[in-house]
Amino acid sequence: MSSPSQLPAWQQLATLAALPQPHLRERLAQPGRDAMQATADGTGIRVDFTRQAVDGAIWSTLMSLAKEAGVEAQRDAMFNGEVINTSEQRAVLHTALRGTPGATGGDAPWGNDIQQLVQNELNRVCAFADRVRAGDVKGSTGLAITDVVNIGIGGSDLGPRMAADALAPLCSDGPNGKIGGVRVHFVSNPDAWALHSTLRGLNPLSTLIIVASKTFTTQETMTNAASARRWLQDAGIEGAAQSPHLVAITAAPQKSGAAGYPAEHTFTFWDWVGGRYSIWSALGLPLAIAVGSKAFREFLAGGQAMDAHFRSAPLDKNLPVILAMSGVWNRNFLHCPTQLLSTYPSRLVRFAPFVQQMDMESNGKRIRKDGQPCDTHTGPIVWGGLGIDGQHAYFQLLHQGTHRVPVEFIGVLSEDTPLPLAAEHHRVVNLNLRAQAQALALGRDEAATLQALMAEGMSAEQAEVFVSQRSFKGDVPSSTVWLDALTPHRLGALIALYEHKVFVQAAIWGINAYDQWGVELGKTMAKQMETPRGASHLPPAGGNA
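Predicted, not measured: the structure shown is a model, and the values here were computed from it.

Caption draft 1: Local environment of the layout of surface pockets. For the second largest pocket, the calculated volume is near 520 Å³. Along the wall of the second largest pocket there are 28 residues; nearest its centre are Pro345, Ser346, Arg347, Glu415 and Thr417. Put simply, the parts of the chain that give the lining of the second largest pocket at least two residues each are α14 (387-391), β12 (407-412) and α16 (422-442). Of all the elements, α16 adds the most residues to the lining of the second largest pocket, at five residues. Taken together, the residues of the lining of the second largest pocket sort by class into 14 nonpolar, ten polar and four charged.

Caption draft 2: Main features of the pairing of β12. Across the six residues of β12, six count as buried, placing the element largely inside the fold. Covered by surrounding structure in β12 are Val407, Phe409 and Gly411 together with Glu408, Ile410 and Val412, the residues of both alternating faces. Sheet topology note: the strand β10 (residues 338-343)/β12 ladder contains four bridges and is parallel. Bridge pairing links Ser342 to Phe409 in β12.

Caption draft 3: Region of interest: unusual backbone geometry. Phi at Gln89 is positive, roughly 55 degrees, even though this residue is not glycine. With respect to the helices and strands, Gln89 occurs in the loop between β3 (83-85) and β4 (90-91). A residue is classified by how much of its surface remains accessible, and Gln89, at 58% relative accessible area, is exposed. The residue Asp475 is not glycine, and still its phi comes out positive at about 65 degrees. For Asp475, the location among the structural elements is in the loop between α18 (460-466) and β13 (478-483). The class of Asp475 is buried, set by a relative accessible area of 12%.

Caption draft 4: The environment of Met222, seen in detail. Tracing the sequence through the fold places Met222 in helix α8 (residues 219-234). The spatial distance from the C-alpha of Met222 to the C-alpha of Gln451 is 63 Å, given a sequence separation of 229 residues.

Caption draft 5: Here's a closer look at helix α6 (residues 158-166). The buried count for α6 comes to seven of nine residues, which makes it a mostly enclosed element. Taken together, the buried positions of α6 are Gly159, Pro160, Arg161, Met162, Ala163, Ala164 and Ala166. In the core, the buried residues of α6 are packed alongside β6 (183-187), α10 (285-291), α13 (351-363) and α19 (488-509).

Caption draft 6: A look at the environment of Ala166. Position of Ala166 relative to the elements: it lies in helix α6. Distance in space between the C-alpha atoms of Ala166 and Pro488 is 8.6 Å, their sequence separation being 322 residues. The residues touching Ala166, leaving out its near neighbours within four places in the chain, are Arg347, Leu348, Leu486 and Leu491.

Caption draft 7: Fine view of the nonpolar core. Within the largest apolar cluster, 120 residues are counted, with the highest numbers of intra-cluster contacts made by Phe351 and Tyr498. If one sorts the elements of this core by residue count, α19 sits on top with 14 residues. Setting aside anything within four residues of it in sequence, one finds Tyr498 in contact with Leu323, Leu341, Phe351, Val355, Met358, Glu408, Ile410 and Val481. In terms of nonpolar packing, the next biggest core, distinct from the first, is built from 18 residues, Val149, Ile151, Leu195 and Ile237 among them.

Caption draft 8: Seen up close, empty space enclosed by the protein. Under the defined criterion, the tally for this structure stands at four cavities of 30 Å³ or more. Put simply, the largest cavity is a space of about 90 Å³. Here the lining of the largest cavity takes four residues from helix α5 (residues 112-134), the largest share from any one element. Residues of the lining of the largest cavity, tallied by class, amount to nine nonpolar, two polar and one charged. Counted as a void, the second largest cavity has a volume near 80 Å³. Around the second largest cavity sit Gly327, Asn330, Arg331, Cys336, Thr338, Gln339, Asp359, Pro380, Pro406, Lys501, Gln505 and Trp509, which together line it. Breaking the lining of the second largest cavity down by element, the ones donating at least two residues are α12 (319-333), β10 and α19.

Caption draft 9: Here's a closer look at the sheet that holds strand β7 (residues 207-212). The strand order β6-β5-β7-β8-β9 describes an open sheet built from five strands, whose pairing is parallel. With one partner strand each, in any of the chains shown, β6 and β9 (266-268) form the two edges of the open sheet. On average, each strand axis in the sheet is inclined to that of its neighbour by 20 degrees, with strand direction left out of account. Here strand β5 (residues 147-151) pairs with β6 via five bridges, running parallel. By the bridge assignment, Val149 is partnered in β6 with His185. Its contacts with the sheet put α5 on β5, β7, β8 (246-250) and β9, and the angle it makes with β9 is roughly 145 degrees. Of the strands in this sheet, β5, β6, β7 and β8 touch α8, which is tilted by about 160 degrees from β7.

Caption draft 10: Just α12, in detail. Between its first and last C-alpha, α12 extends 21 Å over 15 residues, near the 21 Å set by a 1.5 Å rise per residue. Taken across its 15 residues, α12 has 15 buried, putting it largely inside the fold.

The rules behind these values
Residues numbered from 1 in each chain as written. Predicted model: local features only at pLDDT ≥ 70, side-chain atom pairs only at ≥ 80, totals over all residues. Heavy atoms only, no water. 1 Å grid on protein atoms, 1.4 Å probe; cavity = no way out; pocket = protein on both sides within 12 Å on 5 of 7 lines; lining within 4 Å. Points joined across faces, edges and corners; volume = space filled by probe spheres on them. Helix = DSSP H or I, 4+ residues; strand = E, 2+ residues; numbered from the N terminus. Nonpolar A, V, L, I, M, F, W, Y, C, P; charged D, E, K, R; others polar. Buried < 20%, exposed > 50% of the residue type's maximum accessible area, 1.4 Å probe, protein only. Pairing = 2+ DSSP bridges. Contact = heavy atoms within 4.5 Å. Core = buried A, V, L, I, M, F, W, Y, C linked by side-chain atoms within 4.5 Å. Axes fitted to C-alpha atoms, helices over the stretch in contact; angles between N-to-C directions. Expected span 1.5 Å × (residues − 1).

Written as structure tokens, this is what we have:
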């Protein structure tokens with residue numbers, strides 16, 4: 001693929017961007033603006049992009065760019081199991097992980113062998129999760145497991161941790177909780193306090209340690225795993241007695257087996273599963289334990305529902321395409337280097353960091369698939385967090401700073417918290433979301449600000465002194481992603497929406513979204529700089545101390 005800048009639609013967009021751009025308050029007054037919304041049937045998700053800084057001509061040209069860049073053909077190649085990860089010569093099959101249970105080769109283009117592997121491992125994961133929740137998985141002394149500690153980093157941590165927070169109503173509050181009775185904890189940072197602060201309140205005799213690592217050599221994870229096993233040892237759980245307390249999730253089961261992790265507690269995934277796309281695989285085990293197998297399967301079904309929408313919806317009604325092409329316009333033609341992701345439900349507190357990894361690790365590239373340097377900007381800096389908190393912090397910069405920061409708001413239309421005044425809390429949260437989107441778009445010019453200050457009781461002379469400091473430029477583009485509810489199914493669809501958004505943008509820019517050599521360089525440097533003594537490791541379970 002040649003540079004996207006050579007495509008006719010790209011050049012036409014550059015011409016349109018060079019024209020004087022109306023303020024968003026003018027665009028929002030244009031007829032038909034309310035039609036700039038789309039829904040993905042069967043997912044409970046609607047995207048409102050009425051506040052994007054586009055008009056009919058710009059939008060139709062963005063859709064032409066998607067066609068000219070071959071987004072549809074590249075999408076079909078991914079779903080057909082073709083080798084689209086060109087630097088590693090791999091297919092990209094995370095979508096296979098959420099396929100219909102029992103699907104055969106006739107239904108899945110990647111073939112029956114892969115589909116059977118996926119279903120077999122999914123069944124093992126779900127069965128084990130339900131056994132843990134039922135109290136049937138016991139420690140070395142016969143005590144039922146009450147706490148699970150997931151040790152991983154990056155994709156082995158961010159996804160399950162984020163989803164467990166998002167689905168908190170389904171999780172246990174403690175050993176005597178109504179659902180499952182098992183608490184799930186997550187540790188990623190090798191800083192000693194992260195592990196110590198998690199383990200210090202737990203009973204080793206009723207704790208299960210999950211070690212999640214694709215290679216089973218990840219330095220941060222192996223460091224934490226060694227300390228966790230020492231914690232078991234210090235509690236008198238030594239040698240073979242550690243086996244009931246250990247679980248491995250890996251693409252290298254021979255390495256975990258050599259380290260003493262029992263085969264019946266070892267769950268596998270494959271080299272065609274990228275870490276940031278792996279929550280659908282066995283790496284979702286801690287989530288399945290937290291919410292139960294039924295909810296975990298509903299989560300997978302939500303991702304599959306978004307897959308179906310992405311594959312079939314016309315480009316101009318396709319939610320991943322809408323988010324992606326809005327982002328291309330903002331990044332490449334309005335020259336906005338960052339993208340804020342602002343979630344308003346508190347349970348989505350970790351969604352922005354999760355998407356940050358997915359997006360920046362995928363599209364943080366400066367070389368195209370053909371090996372040539374990109375002559376266009378690629379992935380933006382993605383950042384963000386809870387919107388309500390941000391309003392009292394960095395939103396000041398959005399409103400009056402010198403940066404223009406496009407925003408993607410995420411809200412939920414229903415409330416399921418069992419609190420007497422939950423409906424009022426919900427109203428306030430969504431009121432703030434809508435108000436921030438509108439305020440960022442419209443701003444407030446000096447004339448309106450002057451009137452507002454005088455209405456507050458200032459004289460005209462006093463108001464003139466403050467008018468420039470209390471005016472707001474506005475014209476900040478945004479989209480709002482609305483979920484009808486925050487359920488396992490809807491969360492799965494939301495994650496898949498962002499996976500496919502990232503894919504579409506990579507297709508436009510001609511880059512490979514599925515390698516991450518920049519991550520590997522830091523790991524290599526750490527190994528080279530490590531002292532000869534290296535890190536100490538405990539002997540395998542069952543071995544001699």
